[in-house]
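Tertiary structure, described
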Amino acid sequence: MADLLARDAIRLHERAGSRDEAIRRCGAVLVEVGAVAPAYVDAMLAREESVSTYIGEGVAIPHGTLHGKESVRRDALAVLRFPDGVDWDGFDVRVCVAIAAVGDGHVDILARLAAVLMDPAQAQRLRNSTNVDEVITILEEEPS
């Protein structure tokens, strides 16, 4: 997972006044770590307009459209925590796992994220984590 989720792509004290602002923050982190060109952020916003990326338990997985893949330089993830929450079309989102992918290297992380979200205690642990190492551990450890 280290090749997909760099420590500097985990931000645990973010703020956003809207869903779109949260998506822009997620995209900005992917740009900062060199995973995508700035145009990818527009593809992330376009994806959200067509299909919500909210997946439950206070988590959204913003990512770009198929057309946006041309702006992806390498597969990567970013994890942003919004302690005050973000209104995501009526849902309270506390964590965004932003995805940039050309290939399928992110599929294992998504499977792990699904396992975390199916366990309410683990989902709460992810939403409440204020420690980068703990976030990595939550996403790497095998489901119980």
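**Examining the overall build of the protein**
Along the protein, the regular secondary structure elements total five helices and five strands. Starting at the N terminus, the α and β elements of the protein follow one another as β-α-α-β-β-β-β-α-α-α. Classification of the 144 residues of the protein by burial places 49% in the buried group. Once local pairs closer than 6 in sequence are excluded, the contacts in the protein between residues at least 24 apart make up 66%.

**Quick look at the nonpolar core**
Grouped together as the largest cluster of nonpolar side chains are 49 residues, with contacts concentrated most on L30, Y40, V79, W88 and L113. Elements supplying a minimum of two residues to this core: α1 (19–32), α2 (39–50), β3 (59–60), β4 (76–88), β5 (91–100), α3 (107–118), α4 (120–128) and α5 (132–140). Among the elements that make up this core, the one with the highest residue count is β4 (eight residues). Those residues in contact with V79 that lie beyond four places of it in its chain are L5, A9, I10, R11, V95, C96, V97, V135 and L139.

**Things to note about the confidence of the model for the protein**
Per-chain confidence: the protein averages 91 in pLDDT, with 95% of residues scoring 70 or above. α3 is the least confidently modelled element of the protein, averaging 78 in pLDDT, while α1 averages 98, the highest of any element.

**Some thoughts on the pairing of β4**
Every regular strand shows the same layout, with side chains that alternate between the two sheet faces. A large share of β4 lies buried, amounting to 10 of its 13 residues. The pairing of strand β1 (residues 10–11) with β4 spans two bridges and is parallel. Across the sheet, I10 pairs through a bridge with V79, a residue of β4.

Criteria and thresholds
Residues numbered from 1 in each chain as written. Predicted model: local features only at pLDDT ≥ 70, side-chain atom pairs only at ≥ 80, totals over all residues. Heavy atoms only, no water. Helix = DSSP H or I, 4+ residues; strand = E, 2+ residues; numbered from the N terminus. Buried < 20%, exposed > 50% of the residue type's maximum accessible area, 1.4 Å probe, protein only. Contact = heavy atoms within 4.5 Å. Core = buried A, V, L, I, M, F, W, Y, C linked by side-chain atoms within 4.5 Å. pLDDT = per-residue confidence, 0-100. Pairing = 2+ DSSP bridges.

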